[in-house]
Amino acid sequence: MTSFRLFAITTSAAVLTAFAFTGRGQQPPSRVTADLVIVNGKVHTVDAAKPEAQALAISGDRIRAVGTREEINAWIGPATKVIDAHGASVLPGFNDSHAHFVDGSMLLSQVQLGDAVTREEFTRRVAAYARGLKKGEWVLGGGWDHEKFPGATMPTREWIDAVTPDNPAWLDRYDGHMGLANSVALKLAGVDRNTPDPPGGAILRDAGGNPTGALKDAAAGLIYKAIPAPSEERLTTAIHAGLDEARRVGLTSVQDISHAAEMRVYQKLLRAGALTARFYAITPIQEYQAQVDAGIAAGFGSDWIRTGALKGFADGSLGSTTALFFEPYNDAPDSHGLFNAMMLPEGHMLAMAQPADAAGLQIAIHAIGDRAIHEVLTVYEEILSRNGPGPARGGRRWRIEHVQHLRPSDYEAFARLGVIASMQPYHAIDDGRWAEKRIGHERAKSSYAWRSLLDHDAKLAFGTDWPVAPLNPLLGLYAAVTRATVDGKNPGGWIPEQKITLAEAIEAYTLGSAYAEFTDTQKGSLTPGKLADVVILDVDLFAIPPKKIKDAKVMTTVVGGKVVYDSHHLIGIVEKSANPHPAP
Ligand SMILES: [Zn+2]
């Protein structure tokens, strides 16, 4: 408990003066002092101009200086708070380039099935949750993964019907590309044996042709239509809980796959001083015209809330066998996967993306299978030829979300077209348990191809896809560096040649993510003048074996110069002991 404590400087004024004269460069103008100083850190800046340092000084919401202990001592004045990092890593605040922040936040108070590994447990949790609801209220939540059930059995409505006779239920698979409805929900949504599979979706059916309750991709939309939208009050409560979680894991920026209702809540929280992470709202591409009409372009907004990015879908997911491949699935030889409905008919995605791009909006398209990734690159290529060089400031910074299984022949297109690979390293160590069963070893060799993408000069941005994966960025760093699957079966790494270094992984999770949202000049590295978003860990990540990275903890999170999380609840003590020196 005491390995981390706030550092109260007891040196004399004379010593301070001596430090002030020996420090080189970055000296504060006379009488200017920092509000917050972090000393004794292994400061990994992600700034090539000064990669390592011991200390940094913050005033207001900006980083003012980064340097040696002596250099930074010169910034300490009577009101400066000083934190001793005790030799642990000090990093730029993490920036999750792809999170479903509201879904994750809501899930914190819904049915949690992520670690339910048997039918009995699944049923028990749904029953316990349903007991707390009024008749007719929806049972929502999920996070289940049928690969964890004995025999990888797909759940059916029979698992939950008996415990939810009076409540509709919809329980998402953890990847969000499939879900389980109970009979009440199917009835409410009007889904029965006569309902055809919608384009880009599938209704799983039993031998008698009746829906089993499991619905894939576009078919899930039939149920979504029947679920009432949460009230703003409910959203606000959920987002408060989500922000709590974000502070705890050192996330200072979140690129949120979001909707208009959430934007309103973020603004409300910002006005109330309760927003402790910066948000980049990535909204549905189908609604692009509203953004074009409003004159919004990529990066519109403030340091706290920005928007101007559009999210589309090209396919489904590997786990749901809906990711789209050139070759069939090894374990489903009659299927290549599915185009998302947005790709149908041919040219539909282009018809949305091209005018949006011309208006300066950023395009981010979900693509997981090699064919889907290739098709999205083709869409970008076509936009380039029609719209010409990038209209948005600093270029257009197209993105592909996930980029999980791509063909080596497509590596080079990322750098050539300036497409950012927005990837979630944790998926590799999770899906890596069973991915080869679906796609075989050959296709797996260029799956989650971080090494190859970097070697082909592609830009990487890292995130989680929360709640699909845990929100904790340290698990992402661990995954990128080790590729050790969560079942413990690949301790040397699944496709180890695609591992990247810790420094590369940190950069993708900070500066790379900032680049992906047009904010790399404002954040993403510990550089004087940038926003003071900083995390302090409990260990020096570079000094421990890679397999221990997953156990590292965030001790302190600083956003815009404010300590918003301190694991030892010492902020109060900081305030009291913040006066180490008498005024000169
Ligand atoms: Zn996602």
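Residues numbered from 1 in each chain as written. Predicted model: local features only at pLDDT ≥ 70, side-chain atom pairs only at ≥ 80, totals over all residues. Heavy atoms only, no water.

### Description of empty space enclosed by the protein
Here is step 1: Applying the stated criterion across every chain, the model contains two cavities of 30 Å³ or more.
Here is step 2: Taken as a whole, the largest cavity holds about 130 Å³ of empty space.
Here is step 3: In terms of lining, the largest cavity is formed by 16 residues, of which the most central are Asp175, Ser317, Gln404, His427 and Val468.
Here is step 4: A class-by-class count of the residues in the lining of the largest cavity yields five nonpolar, seven polar and four charged.
Here is step 5: Approximately 80 Å³ is the volume found for the second largest cavity.
Here is step 6: Taken together, 14 residues line the second largest cavity, and the ones lying closest to its centre are Gly93, Thr252, Lys523, Gly524 and Asp533.
Here is step 7: Elements with a contribution of two residues or more to the lining of the second largest cavity: strand S15 (251–257) and helix H18 (502–516). (1 Å grid on protein atoms, 1.4 Å probe; cavity = no way out; pocket = protein on both sides within 12 Å on 5 of 7 lines; lining within 4 Å. Points joined across faces, edges and corners; volume = space filled by probe spheres on them. Nonpolar A, V, L, I, M, F, W, Y, C, P; charged D, E, K, R; others polar. Helix = DSSP H or I, 4+ residues; strand = E, 2+ residues; numbered from the N terminus.)

### A closer look at the sheet that holds strand S13 (residues 201–205)
Each strand in a sheet pairs with its neighbour through backbone hydrogen bonds, running either in the same direction (parallel) or in the opposite one (antiparallel).
Here is step 1: If you trace the six strands from one edge of the open sheet to the other, you get S9-S10-S11-S12-S14-S13, paired in mixed fashion. For this open sheet the edge positions go to strand S9 (111–112) and S13, each flanked by a neighbour on one side alone.
Here is step 2: Here five bridges tie strand S10 (residues 139–144) to strand S11 (residues 169–173), and the two strands are oriented parallel to one another. Bridge pairing in S11 links Val139 to Ala169.
Here is step 3: Against the sheet, helix H4 (residues 119–131) makes contact with S9, S10, S11 and strand S12 (178–181), and its axis sits at roughly 155° relative to S10, the strand it touches most. (Pairing = 2+ DSSP bridges. Contact = heavy atoms within 4.5 Å. Axes fitted to C-alpha atoms, helices over the stretch in contact; angles between N-to-C directions.)

### Details of the environment of Arg306
Here is step 1: Inspection of the secondary structure puts Arg306 in strand S18 (residues 305–313).
Here is step 2: Put simply, Arg306 and Asp61 are 245 residues apart on the chain and 17 Å apart in space, counted from C-alpha to C-alpha.

### So, the coordination of the zinc ion
Ideal geometry at a metal centre gives angles of 109.5 degrees when four donors are arranged tetrahedrally and 90 or 180 degrees when six donors are arranged octahedrally.
Here is step 1: Distances from the zinc ion to its protein donors, His98 (NE2), His100 (NE2) and Asp465 (OD), fall at 2.0 to 2.1 Å.
Here is step 2: Along the chain, the residues that donate to the zinc ion are spaced as H-x1-H-x364-D. With His100 in the loop between strand S8 (94–99) and helix H3 (101–107) and Asp465 in the loop between strand S22 (459–462) and helix H17 (473–482), this pair connects stretches of sequence that are 365 residues apart. Take His100 and Asp465: they sit in the same class, and that class is buried. (Donors = N, O, S within 2.8 Å, 3.2 Å for Na, K, Ca; no water. Buried < 20%, exposed > 50% of the residue type's maximum accessible area, 1.4 Å probe, protein only.)

### Focus on the sheet that holds strand S6 (residues 81–84)
Here is step 1: With respect to topology, four strands assemble into an open sheet ordered S5-S4-S1-S6, the strand pairing being mixed. Looking along the sheet, the strands with just one partner apiece sit at the ends: strand S5 (62–67) and S6. Direction aside, neighbouring strands of the sheet carry axes that sit 15° apart on average.
Here is step 2: As paired strands, strand S1 (residues 36–39) and S6 are joined by four bridges and run parallel to one another. Its bridge partner lying in S6, Val39 is registered against Asp84.

### Re the confidence of the model for the protein chain
Here is step 1: Taken as a whole, the protein chain shows an average pLDDT of 91; of its residues, 91% reach a score of 70 or greater.
Here is step 2: This stretch, residues 570–584, has a pLDDT under 50; its non-local contacts, to residues over four places away or in other chains, come to 25 contacts. (pLDDT = per-residue confidence, 0-100.)

### What about the side chain of Thr321?
Here is step 1: Of note, Thr321 is situated in the loop between S18 and helix H11 (348–358).
Here is step 2: The residues touching Thr321, leaving out its near neighbours within four places in the chain, are Lys216, Tyr329, Ala332, Ser335, Gly337 and Arg438.

### Observations concerning the packing of H11 against helix H12 (residues 370–387)
Here is step 1: Two elements in contact, H11 and H12, have axes separated by 10 Å at closest approach and are oriented at 45°. In terms of their interaxial angle, H11 and H12 are classed as oblique. Two packed elements cross with a definite hand, and for H11 against H12 that hand is right-handed. Between H11, through Leu350, Ala353, Gln354, Asp357 and Ala358, and H12, the contact on the second element is made entirely by Val379, Glu382, Ile383, Arg386 and Asn387. (Parallel < 35°, antiparallel > 145°, perpendicular 65-115°, else oblique. Left-handed = near helix turned anticlockwise from the far one by under 90°.)

### Details of the packing of helix H8 (residues 232–248) against helix H9 (residues 260–271)
Here is step 1: In contact at an axis separation of 10 Å, H8 and H9 are set at 65° when each is read in the N-to-C sense. Here the hand of the crossing between H8 and H9 comes out right-handed. Residues Glu232, Leu235, Thr236, Ile239, His240 and Leu243 of H8 lie in contact with H9, whose contacting residues are Ala261, Arg264, Val265, Tyr266, Lys268 and Leu269.

### Details of the packing of aromatic side chains
Here is step 1: In this structure the tally under the stated criterion is 15 aromatic pairs.
Here is step 2: Taken together, a centroid distance of 5.8 Å and an interplanar angle of 80° make the contact between Trp170 and Tyr224 edge-to-face. A residue pair is termed long-range when its members are at least 10 positions apart, and Trp170 in strand S11 and Tyr224 in helix H7 (residues 220–224) qualify at 54 residues.
Here is step 3: Residue Tyr224 is classed as partly exposed on the basis of its relative accessible area, which comes to 40%.
Here is step 4: By way of ring pairs, the aromatic residues Phe94, Tyr448, Trp450, Phe462, Trp494 and Tyr509 are connected into one cluster.
Here is step 5: The ring of Tyr515 carries Arg397 above its face, with NZ or CZ at 3.8 Å from the centroid. (Phe/Tyr/Trp six-rings, centres within 6.5 Å; stacked < 30°, edge-to-face > 60°. Lys NZ or Arg CZ within 6 Å of the ring centre and 35° of its normal.)

### Quick notes on the side chain of Thr307
Here is step 1: Turning to its location among the elements, Thr307 is positioned in strand S18.
Here is step 2: For Thr307, a relative accessible area of 6% translates into the label buried.
Here is step 3: Not counting residues up to four positions away in its chain, the partners in contact with Thr307 are Met263, Tyr280, Ala281, Thr283, Gln291, Ile296, Ala297, Ala298, Gly299 and Phe300.

### Considerations on unusual backbone geometry
Here is step 1: Looking along the chain, the bond that leaves Leu344 and enters Pro345 is cis, with omega of -15°.
Here is step 2: Here Pro345 is to be found in the loop between S18 and H11.
Here is step 3: The omega torsion of the bond from Trp466 to Pro467 falls at 10°, within 30 degrees of zero and hence cis.
Here is step 4: You can see Pro467 is positioned in the loop between S22 and H17.
Here is step 5: Despite not being glycine, Val403 shows a phi value in the positive range, around 45°.
Here is step 6: Tracing the sequence through the fold places Val403 in the loop between strand S20 (399–402) and helix H13 (411–417).

### Some details on H18
Side chains three or four residues apart in an α-helix point the same way, a direct result of the helix having 3.6 residues per turn.
Here is step 1: Between the first and last C-alpha of H18 there are 20 Å, a value that for 15 residues agrees with the 21 Å anticipated at 1.5 Å per step.
Here is step 2: Along H18, the helix axis deviates most sharply at Ala508, where the bend reaches about 40°.
Here is step 3: Within H18, 11 of the 15 residues are buried, which leaves it mostly tucked inside the rest of the structure.
Here is step 4: Every buried residue belonging to H18 is among Leu502, Ala505, Ile506, Ala508, Tyr509, Thr510, Gly512, Ser513, Ala514, Tyr515 and Ala516, and all of these are buried. (Expected span 1.5 Å × (residues − 1). Bend = angle between axes of the 7 residues up to and from the residue.)

### Examining the pairing of S11
Here is step 1: With four of five residues buried, S11 lies mostly within the body of the structure.
Here is step 2: Note: S11 against S12, three bridges, orientation antiparallel. Paired with Leu171 across the bridge in S12 is Leu180.
Here is step 3: Hairpin connection from S11 to S12: four residues lie between these consecutive antiparallel strands, with Gly176 at a positive phi of about 75°.

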